[in-house]
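Results of the structural survey
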Amino acid sequence: MENMNDLSKITPNLKITADGIYNTISIRGLGSGANNGFEQSVGTFIDNVYFNSTARLLSSMYDIDRIEVLRGPQGTLFGRNTIAGAVAVHTGKVSDVFEMIADSTMGDLNWSKHTLVTNIPLIDGKLGARIAGQYFKRDGHVYDRLQDIESGTNRSESARVKLRYDMSDDVSMTLTYQFLDTSLRGQGDQYHHVPQEWIAFMQDYDPNIEGNLDDYEHSTDYLSGGDIEFADLIAHVDFRLWEHDFSAILADTSADRTGGLDADFGPSSAIVGEGGGTSDQTSLELRMMSDPGTLEYITGIYYFKLDRTDLTDTYVNHLIFAQAVLTGSFVSVPGIGQVLTAAGPGSSDAKDSDRKRNTFRQYGDSYAAYGQLTWNLAERWSLIGGARYSV
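Below: a short report on this structure. Given the structure is predicted, the values throughout are model-derived calculations rather than measurements. (Residues numbered from 1 in each chain as written. Predicted model: local features only at pLDDT ≥ 70, side-chain atom pairs only at ≥ 80, totals over all residues. Heavy atoms only, no water.)

Here we come to the nonpolar core. By size, the foremost hydrophobic cluster in this structure holds 19 residues, and its most contacted members are Met 4, Leu 14, Ile 16 and Val 87. Listing elements by their share of this core, those giving two or more residues are α1 (4-10), β1 (14-18), β2 (23-27), β4 (42-46), β5 (49-51), β7 (85-91) and β17 (244-262). Broken down by element, this core gets its largest block of residues, three residues, from β1. In this structure, Tyr 50, Tyr 302, Phe 304 and Leu 306 belong to the second largest nonpolar core, which totals eight residues. (Core = buried A, V, L, I, M, F, W, Y, C linked by side-chain atoms within 4.5 Å. Buried < 20%, exposed > 50% of the residue type's maximum accessible area, 1.4 Å probe, protein only. Helix = DSSP H or I, 4+ residues; strand = E, 2+ residues; numbered from the N terminus.)

Below, the structure written as structure tokens:
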């Protein structure tokens, strides 16, 4: 699997769309869509840390220990925004054995993916490190004449470093740093079965425009796509005390996103959407778990701080839409393409006066306490009850 998009292909009832522009996740058809003003109804967790930003949906799927897809409300243990379910990704653990895994794959369209995972015991039984990284690149499959680029070109660079220190038989600490830098240039769109009057209109902007899928060529005045970067620092401490297992997880993460969409998917400057955003979050969780038995329980406290901003600009060229109003359809007006694109394809001069800006801001602190009790009545029967209180 290249990323979490591929996870939805093999998991029933799970749908993930992560293309760098609109990133969404849903389970059993329930989700929050692509509105950046809402957090997702399906929580994304990596190594027991909740991530607010949908940028994590672009995480490269390498050095994975296991993935859990939990359907239905998971509010008691997972808390924030898990009304539809949760996806929990657990990455490779530091072990006491030297290990090196290398994988390299190449194919058409300059498709290449290179992965390296190394586990290094530094001090026997005490200190160890695990380093993993992946580079991925694939050229697009549709040539964009105006942008002079292979539309759909994708690149991703990511790495993860873990350091584990076993202080004693009862205390272990793991530090994790990970980052991702990914970009998408174009979406590989092509016109097909387009009404002739639309073709005539678009030819004012690109005389070669057509509705043929066989030539793998198209043109857009704005290069759809985007860039996403994120970096995470996580400290995870496990210890045994009072005949219980405790876990303390401290995480500080940041994400930055920029991108846009040619919403008419063609050479005219009819409508363009641009956006970007930042997300900085800090979380702290302390969890206590009982030993397995007839009665099992887990309880904990949780703190979450978030500062998130999402910006969306929509540019509409009313001169183009005025033609549709006056004529009832898009028709060719001689010379209109040269007038509207005099400043160059996708230039700010052609669209600044018709901009609509939406800004979403979310910030604050939240606190929670939770507990869950499991009564194992028989080998195949259990009674589970739990509660969570958040402010």
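So, next bit.
Here the focus is the pattern of salt bridges. Under the defined criterion, the tally for this structure stands at 21 salt bridges. A salt bridge links Asp 47 to Lys 162, with the nearest nitrogen and oxygen atoms 3.5 Å apart. Of the two residues, Asp 47 is situated in the loop between β4 and β5 and Lys 162 in strand β13 (residues 153-166); the sequence distance between them amounts to 115 residues. You can call Asp 47 buried: its relative accessible area is 13%. Residues Asp 291 and Arg 240 are paired through a salt bridge, measuring 2.8 Å at the closest nitrogen-oxygen approach. With Asp 291 in the loop between β18 (271-289) and β19 (295-316) and Arg 240 in strand β16 (residues 225-241), this pair connects stretches of sequence that are 51 residues apart. Note on Asp 291: relative accessible area 33%, which makes it partly exposed. We classify Arg 240 as partly exposed; its relative accessible area is 30%. (Salt bridge = Lys/Arg side-chain N within 4 Å of Asp/Glu carboxyl O.)

So, about the side chain of Thr 374. With respect to the element layout, Thr 374 can be found in strand β20 (residues 355-378). Under the relative-accessibility criterion, Thr 374 is labelled buried at 13%. With near-sequence residues (within four places) excluded, Thr 374 lies in contact with Thr 294, Leu 295, Glu 296, Ser 382, Leu 383 and Ile 384. (Contact = heavy atoms within 4.5 Å.)

The four strands lie next to each other as β5-β4-β7-β6, forming an open sheet whose pairing is mixed. The sheet terminates laterally at β5 and β6 (64-71), the two strands that pair on one side only. Neighbour-to-neighbour, the strand axes of the sheet open up by a mean angle of 25 degrees, direction not taken into account. Relative to β7, β6 runs antiparallel, the two sharing seven bridges. Bridge pairing links Val 69 to Val 87 in β7. (Pairing = 2+ DSSP bridges. Axes fitted to C-alpha atoms, helices over the stretch in contact; angles between N-to-C directions.)

Let's shift gears to the packing of aromatic side chains. This structure, assessed with the given rule, holds eight aromatic pairs. Measuring from ring centre to ring centre gives 6.0 Å for Trp 242 and Phe 246, while their planes differ by 75 degrees; the resulting arrangement is edge-to-face. Under the relative-accessibility criterion, Phe 246 is labelled buried at 9%. In textbook terms, an aromatic cluster arises when at least three aromatic residues are bridged by ring pairs, as seen for Phe 45, Tyr 50, Phe 78, Tyr 302 and Phe 304. It is Arg 160 that lies over the ring of Tyr 62; its NZ or CZ is 4.7 Å from the centre. (Phe/Tyr/Trp six-rings, centres within 6.5 Å; stacked < 30°, edge-to-face > 60°. Lys NZ or Arg CZ within 6 Å of the ring centre and 35° of its normal.)

So, on to the pairing of strand β9 (residues 111-123). Note that strand β8 (residues 99-107) and β9 share nine bridges and pair antiparallel. In the sheet register, Ala 102 faces β9, and the bridge partner there is Leu 116. Following β8, the chain reverses through three residues before pairing antiparallel with β9; Leu 109 in that reversal takes a positive phi of roughly 60 degrees. Two elements, β9 and strand β10 (residues 127-138), share eleven bridges in a ladder whose sense is antiparallel.

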